[in-house]
Amino acid sequence: MANSPENLSHRLTTSVSEWIDNNPILTGLAEFAGEVRGNRIIEFSLLFLLFVTFLAVFGNVVMPYEYDARHYSEDGELLRRAPPSLDHPLGTNEGGQDVLSRVIYGAQPTLLTGALGGLFILSIGLTVGVTAGYHGGWVDEVLMRAVDVLYGIPFIPFAVVLLGFIGIGFWSTILLIGLLLWRGNSRIFRSQVLQLKERSYVRSAKASGASDLYIIVYHILPNMVGMIILFLALGIGISILLAAGLAFLGFLNPFIPSWGVMIRNAYNSGFLVEAWWWSMPPGFMISWTILSTYLIGREYERLQESKTQREVL
Amino acid sequence: MSEPVLEVEDLNIRYETDGGDVAAVTDASFAIDDGEYHGLVGESGCGKSTIAKSVIGGLDANGYVSSGRIKFRGEEIQDFTDGEYSDRIRWKNISMIPQASMNSLDPVMRIHKQALDLSEVHTDWSEEETMDRLAELFDIVGLPPGRMRDYPHQFSGGMQQRVVIALALLLEPDLIIADEPTTALDVIMQDQVMAYLQNIKEDIDVSLLMITHDISLVFEECDSMTVMHGGQVAESGSIRDVFYDPKHPYSILLQKTFPDIRFPDQELTTIEGTPPILSGEVTECTFADRCPWAEPACREGAPPLEASDGNPNHLNSCIRSHEMDELAADETRHAEVTDDSY
Amino acid sequence: MTATEPILRTEGLQKYYDQSTTPLEVLRNKLTGGSSEPIKAVDGVDLSFHENQISGVIGESGCGKTTLLETLIGLNDPTGGEIYFDGKPTSEFSKGEWHEYRRRVRLIFQNPYEAMNPKFTVRRALKEPLSIHGLDKGEDDLHAVLERVNLTPPSQYLDKYEGQLSGGEKQRVAIARELIVDPDVILADEPVSMLDVSTQVAILHVLKQLAAEDDLSVIYISHDISTVSYICEEVNVMYLGNVVESAPTRKLLDDPEHPYTRELLRAIPIPDPDHDRTRSNIPGNPPDPMNLPTGCNFKDRCPDRMEICDVDPVLYPTAENHHTKCHLHYDHEQYAETGADGEPVQSERRAVGDGGRE
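Calculation rules
- Residues numbered from 1 in each chain as written.
- Chains lettered and ligands numbered in written order.
- Predicted model: local features only at pLDDT ≥ 70, side-chain atom pairs only at ≥ 80, totals over all residues.
- Helix = DSSP H or I, 4+ residues; strand = E, 2+ residues; numbered from the N terminus.
- Contact = placed C-beta atoms within 7 Å.
- Buried ≥ 20, exposed ≤ 12 C-beta atoms within 10 Å, placed from the backbone.
- Axes fitted to C-alpha atoms, helices over the stretch in contact; angles between N-to-C directions.
- Parallel < 35°, antiparallel > 145°, perpendicular 65-115°, else oblique.
- Left-handed = near helix turned anticlockwise from the far one by under 90°.
- Nonpolar A, V, L, I, M, F, W, Y, C, P; charged D, E, K, R; others polar.
- Core = buried A, V, L, I, M, F, W, Y, C linked by C-beta atoms within 7 Å.
- Pairing = 2+ DSSP bridges.
- Expected span 1.5 Å × (residues − 1).

### Structural notes on the overall build of chain C
Scanning chain C from N- to C-terminus turns up twelve helices and twelve strands. For chain C, the share of sequence-separated contacts (at least 6 apart) that also reach a separation of at least 24 residues comes to 68%.

What follows is the structure, encoded as structure tokens:
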């Protein structure tokens with residue numbers, strides 16, 4: 001029958017595969033997964049990110065204890081800054097809370113901040129960069145002067161002013177980071193577009209009568225994918241770091257143990273070094289997350305470049 | 001006969017790559033005498049730029065001479081360290097004019113300063129001596145000596161090229177290597193640059209190794225030439241030998257791919273295939289895939305360079321060279337005489 | 001020239017560029033009184049191109065041939081003058097007519113290594129102009145167009161990526177992509193200068209074939225007179241935004257009239273060790289489109305300059321198919337009477353007699 005489940009799923013699969021084939025971005029992603037097999041570092045990075053994502057989604061199920069549960073010794077004393085033990089593999093913090101549970105719990109807010117912040121930074125930066133680079137003229141001038149102005153704005157004072165208006169909190173932080181930090185990638189995107197615009201195949205499409213949108217979608221953006229992924233990775237990293245920094249300054253809800261908040265609390269307790277089991281795990285998690293996204297982004301860009309150069313004899 | 005200025009003997013140059021070593025140049029040999037202008041012709045990937053770089057120790061980091069000799073006035077230099085090349089060869093004895101060399105002039109330094117830099121590092125000349133020498137050279141290449149103190153951007157492209165030639169001659173080298181000296185220039189500028197290069201011959205005793213893909217230039221301006229394909233020397237000899245009596249299929253066919261403005265109606269020949277992309281060892285004649293007269297024997301080992309018709313100054317690497325006159329009878333264009341020569 | 005109407009024609013075509021391009025620069029210029037003299041890249045050009053013909057446009061860098069090309073293809077708008085396609089002036093084109101023009105007049109670019117989007121297969125690249133122009137063609141048509149450019153067997157090429165093709169193959173795909181929409185005019189901008197010599201000839205032969213067999217008008221633009229002479233039936237020589245001489249190829253080579261053409265031909269290397277060629281001997285710097293003299297653009301470098309050259313010469317027909325823009329070659333008195341459009345010429349009082357040299 002035409003609409004039987006098998007038929008439908010077959011048609012669905014076929015249309016999805018066609019969609020992937022016709023969309024150079026998706027094809028690229030699928031191929032990337034295949035091509036990094038064998039590269040240990042990249043495999044590790046991918047697995048690590050998958051692991052962190054898993055924690056973010058299923059952390060609640062996996063946590064040994066409640067993230068804010070306080071633990072007491074047999075004598076009824078609060079288990080402050082207890083070193084790692086079987087009961088508490090990552091020890092406890094100043095308030096007797098289990099660090100491992102807090103690290104697991106903290107995955108979600110950290111990743112959300114990173115992903116949303118990174119995407120926000122990328123969207124604005126890419127849109128501005130491509131518009132300025134492709135259209136040139138006064139549009140370019142205006143946009144780039146805006147970037148110049150933004151570069152002059154220091155982050156923390158801007159944060160103070162903005163958050164004074166809209167209040168602190170998770171979404172405010174994302175907004176803050178996105179509104180300012182796109183200045184870092186827009187110029188680079190713009191210069192890439194300037195270069196691509198002059199390529200013969202772009203000019204040929206233009207001479208043929210292709211619309212600007214067509215050219216941007218099919219000729220400009222696909223040839224920038226490597227760079228886009230890279231800046232996405234960097235954007236995610238910078239969002240996590242900045243959010244952590246803001247947490248340090250008290251701009252974020254101090255009771256949600258994002259990894260940055262945990263480090264802040266460890267620092268404030270005065271036992272940052274002694275209670276290393278408290279400060280180092282969240283620190284490592286931040287670093288490795290950023291590093292993994294960066295390595296994957298860079299590897300993707302490298303593979304993209306080498307694919308266009310490779311000649312099959 | 002004095003020692004040739006430059007002699008390349010059975011030279012093999014390799015590049016290290018991820019996929020193994022690539023033989024960029026295989027068993028190349030040729031010689032350049034005093035005051036001789038020698039053209040090194042070939043298409044992309046033939047190894048001509050590689051040889052040029054190796055002569056002044058300028059190979060990329062992953063390039064190395066695996067065997068053979070490069071001799072400058074009889075002395076072997078292929079194993080010199082970078083320091084030795086700097087001290088003893090570059091600028092003083094052999095100068096190189098790289099491709100698009102107008103870009104090799106420092107845009108923020110006046111010309112005379114760049115000259116003074118050179119003489120300071122490599123000689124003990126006084127400032128006055130250097131400036132005199134520069135003025136002399138400007139004169140020879142047709143530039144007004146009064147402009148020695150200008151910045152590079154104040155000269156046009158063709159004039160910048162001549163500035164680079166003047167600087168290359170500054171320290172009185174015995175040999176200049178010019179890599180595609182006129183590719184970036186329009187035809188009238190090219191003509192003028194070549195005119196001045198010929199002038200130099202009259203005033204200064206210097207040899208020239210000109211690397212180019214344009215065989216017309218070589219036939220006009222040079223005294224001797226080498227034709228390369230896929231890292232191998234196809235043919236080498238005096239201009240007249242290679243022009244009137246080519247023995248290698250590539251030399252024969254290559255000449256026929258260049259239009260001659262005197263005979264605009266003459267059909268040009270196509271050569272099958274494309275210049276090979278080299279990888280690994282070379283174990284055959286690299287022209288075999290494109291050669292209309294190839295035989296199975298052509299693929300059994302790289303063909304050696306041998307004298308043509310017993311002339312030791314006219315070498316070729318075709319194992320069927322003795323049959324070429326017959327095989328290629330209708331290919332040799334200049335044998336035809338037309339009434340309306342230009 | 002053929003007696004039929006030219007498929008593509010320009011009349012007094014002009015393209016000027018402002019020296020300042022951004023609002024900031026315009027402002028700065030106004031405040032400091034800087035130069036606002038436009039760059040006259042193309043300054044009054046009259047050309048005609050017919051079907052079944054290969055015409056050449058030669059000139060060195062700065063002569064305006066690239067700008068001419070871009071204006072013909074619609075990548076920028078003319079500042080003045082007119083382009084006539086199939087008899088109709090492009091300034092009166094509707095949007096739909098422009099779209100149609102872009103289908104029928106196509107351009108082959110100089111750099112074969114950038115001709116295709118590296119993410120595209122050959123098939124995708126060939127389909128692009130089809131989808132832009134709403135044409136429906138099947139697999140057979142793709143095969144056919146690849147065969148026209150001698151990429152056989154076509155099935156072997158359709159699924160390849162750009163990086164898997166040689167330079168010559170890339171250029172052929174580029175040509176095929178332009179052919180697939182059944183154009184009338186093909187403009188070629190130095191299509192072979194970046195290819196190895198042994199490949200150049202094959203591409204030239206493809207172009208020759210297209211003009212002969214497919215009723216196309218091929219316009220070949222280059223600075224290399226040797227290749228232009230090889231395939232073009234007629235040649236137009238450009239210098240600093242003007243066409244200075246136009247003639248059938250053979251006639252131009254045998255009897256060049258304009259002093260620039262003569263110098264250009266003199267400068268070509270001859271592949272013959274025994275040929276003694278006299279060098280070209282032009283004084284002065286190569287042309288600078290930013291500081292044009294009044295009158296003839298070539299006068300500062302011309303070995304045959306006369307007083308009258310301070311007045312701009314017209315492109316004068318010295319023979320049925322031969323036009324030259326030079327005071328040496330036209331009968332000023334006669335021209336003064338009849339003129340190109342009946343207007344008397346300024347040079348009336350300084351007529352040089354019968355158009356011969358002084």
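That was the structure; now back to the text.
### Thoughts on the overall build of chain A
Regarding its fold elements, chain A presents 13 helices and zero strands. When the helices and strands of chain A are listed from N to C terminus, the series reads α-α-α-α-α-α-α-α-α-α-α-α-α. Here the C-alpha coordinates of chain A stretch approximately 85 × 60 × 45 Å along the principal axes. The buried share among the 313 residues of chain A stands at 38%.

### Brief notes about the packing of helix H3 (residues 111-122) of chain B against helix H4 (residues 127-140) of chain B
Residue and element names in this part refer to chain B. Where H3 contacts H4, the axes come no closer than 10 Å and their chain directions differ by 120°. Compared by their axis directions, H3 and H4 come out oblique. Read as a crossing pair, H3 and H4 show a hand that is right-handed. Mapping the contact onto sequence places His112, Ala115, Leu116 and Ser119 in H3 and Glu127, Thr130, Met131 and Leu134 in H4. Within the contact of H3 with H4, the residues separate by chemical class into four nonpolar, three polar and one charged.

### Examining the environment of Leu278 of chain B
All names here are of chain B. By the secondary structure assignment, Leu278 is in the loop between helix H9 (249-255) and strand S11 (306-308). What makes Leu278 partly exposed here is the crowd of 19 C-beta atoms within 10 Å. In this structure, the C-alpha to C-alpha distance between Leu278 and Leu170, residues 108 residues apart in sequence, is 37 Å. For Leu278, the contacting residues outside a window of four places in its chain are Val22, Ala23, Ala24, Gly45, Gly230 and Gly231.

### Examining the interface of chain B and chain C
With 34 residues of chain B at the contact, the number on the chain C side is 33 residues. Broken down by secondary-structure element, the contributors of at least two residues to the side of chain B that touches chain C are helix H6 (187-203), helix H7 (215-221) and helix H8 (239-244) of chain B. Its residues assigned to classes, the side of chain B that touches chain C shows 16 nonpolar, eleven polar and seven charged.

### Side note on the nonpolar core
Counting residues in hydrophobic clusters, the biggest one holds 246 residues, and the most contacted among them are Ala166, Ile177 and Leu209 of chain B together with Leu187, Leu207, Val218 and Tyr220 of chain C. Counting residues per element, this core draws most heavily on helix H11 (residues 225-249) of chain A, at 14 residues.

### Some remarks on unusual backbone geometry
Cis peptide bonds are those with omega within 30 degrees of zero, and the linkage from Thr152 of chain C to Pro153 of chain C qualifies with -10°. One can find Pro153 of chain C in the loop between helix H5 (139-148) and helix H6 (154-158). Positive phi, normally seen in glycine, also occurs at Arg81 of chain A, with a value near 45°. At Asp182 of chain C, a residue that is not glycine, the phi angle is positive and equals roughly 55°.

### Considerations on the sheet that holds strand S11 (residues 316-319) of chain C
Residue and element names in this part refer to chain C. Read from one edge to the other, the open sheet built from eight strands follows the order S6-S7-S8-S3-S9-S10-S12-S11, with strand pairing classed as mixed. The two strands at the open ends of the sheet, each matched to only one other strand, are strand S6 (105-108) and S11. Taken over all neighbouring pairs, the strand axes of this sheet differ in orientation by 25° on average, direction set aside. The strands that helix H2 (residues 65-73) touches are strand S3 (53-58), S6, strand S7 (185-189), strand S8 (217-222) and strand S9 (234-239); relative to S7, the one it contacts most, it runs at about 150°.

### What to know about H6 of chain B
Since one α-helical turn is 3.6 residues long, residues separated by three or four positions face the same way. The end-to-end C-alpha separation of H6 of chain B is 25 Å, in line with the 24 Å expected for 17 residues at 1.5 Å each. For H6 of chain B, the complete set of buried residues consists of Val187, Ile188, Met189, Gln190, Asp191, Gln192, Val193, Met194 and Leu197 of chain B. As for H6 of chain B, its buried residues are in contact with helix H5 (157-169), strand S8 (207-212) and H7 of chain B together with helix H9 (225-231) and helix H11 (259-266) of chain C.

### Some thoughts on the packing of helix H4 (residues 99-135) of chain A against H11 of chain A
Residues and elements named next belong to chain A. Remark: H4 packs on H11, axes separated minimally by 7 Å, with the N-to-C direction vectors making an angle of 130°. Taken as axis vectors, H4 and H11 run oblique relative to one another. For H4 against H11, the interelement crossing comes out right-handed. The residues of H11 that touch H4, namely those facing Thr110, Thr113, Gly114, Ala115, Gly117, Gly118, Ile121, Leu122 and Leu126, are Ile228, Phe231, Leu232, Gly235, Ile236, Ser239, Ile240 and Ala243.

### Description of the sheet that holds strand S4 (residues 80-85) of chain C
All names here are of chain C. The strand order S2-S1-S4-S5 describes an open sheet built from four strands, whose pairing is antiparallel. In the strand order of this sheet, the two ends are held by strand S2 (39-49) and strand S5 (88-89), each with one partner. With five bridges connecting them, strand S1 (residues 8-17) and S4 associate as antiparallel partners. Of the residues in S4, the one forming a bridge with Leu8 is Phe85. Running at roughly 65° to S2, H2 makes contact with S1, S2 and S4 of the sheet.

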